[in-house]
Amino acid sequence: MTTPLICPSILASDFAKLGEEVRAITEAGADWVHIDVMDGHFVPNITIGPDVVKALRPHSNLPFDCHLMISPVDSFLEAFRNAGADYISLHPEAGPHLHRSLKYIRQLGAKAGVVLNPATPVEILDWVMDDIDLVLVMSVNPGFGGQSFIDSQLRKIEVIRKKLDAVGHHAILQVDGGVNAQNAHKCVEAGATAMVAGTAVFKGGPDAYAANIKQLKGL
């Protein structure tokens, strides 16, 4: 079984010391830094903008994985890329032209990702396969941290894994929402290659981050 990338979501970190938290997960063995961007419109919460991403960029050399839960999304893509985003993922529902948005992310020099909410059909991927570097399966409804994993999304991960493998596609298959030590192995068995985890990484404070990440990796 492949060891997954672990992408701690700083949504679960101590916002009073974000720079320290990003440095701590970097030193603890995280693979990416996952940044949940919410606008209070597309989802019922407001979190982080490009200025915060820019301020955090000097604190880690890890890829910055920005999940944009904002609508309309297109006008913010350049700002997040300029702020230091390496991966930019968006929801098909967040703009009128998914194909054009993904193309633009790549033109900006970032990797492009598509995010599927629990009720978003996987067939939408069929028409943008050539334009994606990452598929993010939401195993909760987006908007808040600390939610419970929706087990039905394991089946969706399996379907997407088969779809990618059938065409030899090397996109990263990421899972986000309620991921913990109890269900991480199920995500990997279903075909996931990267996992976003908030509470499961940040619980216990900085001294526990390395052990938490190791446990999620199944090591």
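Before reading on, note that the structure itself is shown above.
The notes below deal with the structure included here. What you see is a predicted model; the values in this text were computed from it and never measured.

## Focus on the packing of helix α1 (residues 18-27) against helix α8 (residues 206-217)
Turning to step 1, where the next piece is worked out: With their axes 9 Å apart at the nearest point, α1 and α8 run at an angle of 40° to one another. Between α1 and α8, the angle is such that the two are oblique. Like other packed secondary-structure pairs, α1 and α8 cross with a definite hand, here right-handed. Here Glu21, Ala24 and Ile25 of α1 come into contact with α8, specifically with Pro206, Tyr209 and Ile213.
Turning to step 2, where the next piece is worked out: In the contact of α1 with α8, the residues fall into five nonpolar, no polar and one charged.

## Looking at the packing of aromatic side chains
Each aromatic ring pair is specified by the distance between its two centres and by the angle formed by the two planes.
Turning to step 1, where the next piece is worked out: Under the definition given, this model contains two aromatic pairs.
Turning to step 2, where the next piece is worked out: Note on phenylalanine 202 and tyrosine 209: the rings are 5.1 Å apart at their centroids and 75° apart in plane angle, and the pair reads as edge-to-face.
Turning to step 3, where the next piece is worked out: Residue phenylalanine 202 is classed as buried on the basis of its relative accessible area of 8%.
Turning to step 4, where the next piece is worked out: Looking at tyrosine 209, the relative accessible area reads 2%, which means it is buried.
Turning to step 5, where the next piece is worked out: Of note, arginine 57 hangs over the ring of phenylalanine 64, and the distance from its end group to the ring centre comes to 3.7 Å.

## Observations regarding the side chain of arginine 161
Turning to step 1, where the next piece is worked out: With respect to the helices and strands, arginine 161 occurs in helix α5 (residues 153-166).
Turning to step 2, where the next piece is worked out: Classification of arginine 161 as buried rests on a relative accessible area of 16%.
Turning to step 3, where the next piece is worked out: If we ignore the near neighbours within four places in the chain, the residues touching arginine 161 are His169, Leu173, Ala190, Gly191 and Thr193.

## Looking at the pairing of strand β2 (residues 33-38)
Turning to step 1, where the next piece is worked out: With respect to burial, β2 is a largely interior element, six of its six residues being buried.
Turning to step 2, where the next piece is worked out: Where burial is concerned, the two faces of β2 agree: the one with Val33, Ile35 and Val37 and the one with His34, Asp36 and Met38 are both buried.
Turning to step 3, where the next piece is worked out: Pairing between β2 and strand β3 (residues 64-69): six bridges, direction parallel. Counterpart to isoleucine 35 in the pairing with β3 is cysteine 66.

## Quick notes on the pattern of salt bridges
Turning to step 1, where the next piece is worked out: Per the counting criterion, the structure on display carries seven salt bridges.
Turning to step 2, where the next piece is worked out: Linking arginine 161 and aspartate 165 is a salt bridge whose minimum nitrogen-to-oxygen distance equals 3.2 Å. In this pair, arginine 161 and aspartate 165 both sit in helix α5, four residues apart, roughly one turn of the helix.

## A short note on the sheet that holds strand β1 (residues 5-8)
Turning to step 1, where the next piece is worked out: Pairing within the open sheet is parallel, and its eight strands lie in the order β1-β8-β7-β6-β5-β4-β3-β2. With one partner strand each, in any of the chains shown, β1 and β2 form the two edges of the open sheet. If you compare each strand with its neighbour and ignore which way they point, the axes differ by 25° on average.
Turning to step 2, where the next piece is worked out: Pairing of β1 with strand β8 (residues 194-197), which is carried by four bridges, proceeds in the parallel orientation. The residue of β8 that forms the bridge with isoleucine 6 is methionine 195.
Turning to step 3, where the next piece is worked out: Contacts from α5 reach β5 (111-116), β6 (134-138) and β7 (172-176) within the one sheet, and its direction differs from that of β6 by about 165°.
Turning to step 4, where the next piece is worked out: Against the sheet, α8 touches β1 and β8, its axis set at about 135° to β1.

## Focus: the environment of isoleucine 70
Turning to step 1, where the next piece is worked out: With respect to the helices and strands, isoleucine 70 occurs in the loop between β3 and α3 (77-83).
Turning to step 2, where the next piece is worked out: Accessibility expressed as a relative area gives 5% for isoleucine 70, which makes it buried.
Turning to step 3, where the next piece is worked out: Separated by 56 residues in the primary sequence, isoleucine 70 and aspartate 14 place their C-alpha atoms 23 Å from one another.
Turning to step 4, where the next piece is worked out: Excluding anything up to four places from it in sequence, isoleucine 70 contacts Val37, Met38, Asp39, Phe42, Phe76, Phe80 and Ala94.

## Topic: α1
Turning to step 1, where the next piece is worked out: Here α1 has its buried residues at Leu18, Gly19, Glu21, Val22, Ala24 and Ile25.
Turning to step 2, where the next piece is worked out: Looking at the buried side of α1, the elements it contacts are β1, β2, α2 (50-56), α7 (199-202) and α8.
Turning to step 3, where the next piece is worked out: Just beyond α1, the residue with positive phi is glycine 29, at close to 105°.

About the criteria used
- Residues numbered from 1 in each chain as written.
- Predicted model: local features only at pLDDT ≥ 70, side-chain atom pairs only at ≥ 80, totals over all residues.
- Heavy atoms only, no water.
- Axes fitted to C-alpha atoms, helices over the stretch in contact; angles between N-to-C directions.
- Helix = DSSP H or I, 4+ residues; strand = E, 2+ residues; numbered from the N terminus.
- Parallel < 35°, antiparallel > 145°, perpendicular 65-115°, else oblique.
- Left-handed = near helix turned anticlockwise from the far one by under 90°.
- Contact = heavy atoms within 4.5 Å.
- Nonpolar A, V, L, I, M, F, W, Y, C, P; charged D, E, K, R; others polar.
- Phe/Tyr/Trp six-rings, centres within 6.5 Å; stacked < 30°, edge-to-face > 60°.
- Buried < 20%, exposed > 50% of the residue type's maximum accessible area, 1.4 Å probe, protein only.
- Lys NZ or Arg CZ within 6 Å of the ring centre and 35° of its normal.
- Pairing = 2+ DSSP bridges.
- Salt bridge = Lys/Arg side-chain N within 4 Å of Asp/Glu carboxyl O.

Geometric descriptors of this kind do not, in isolation, establish any biological role.
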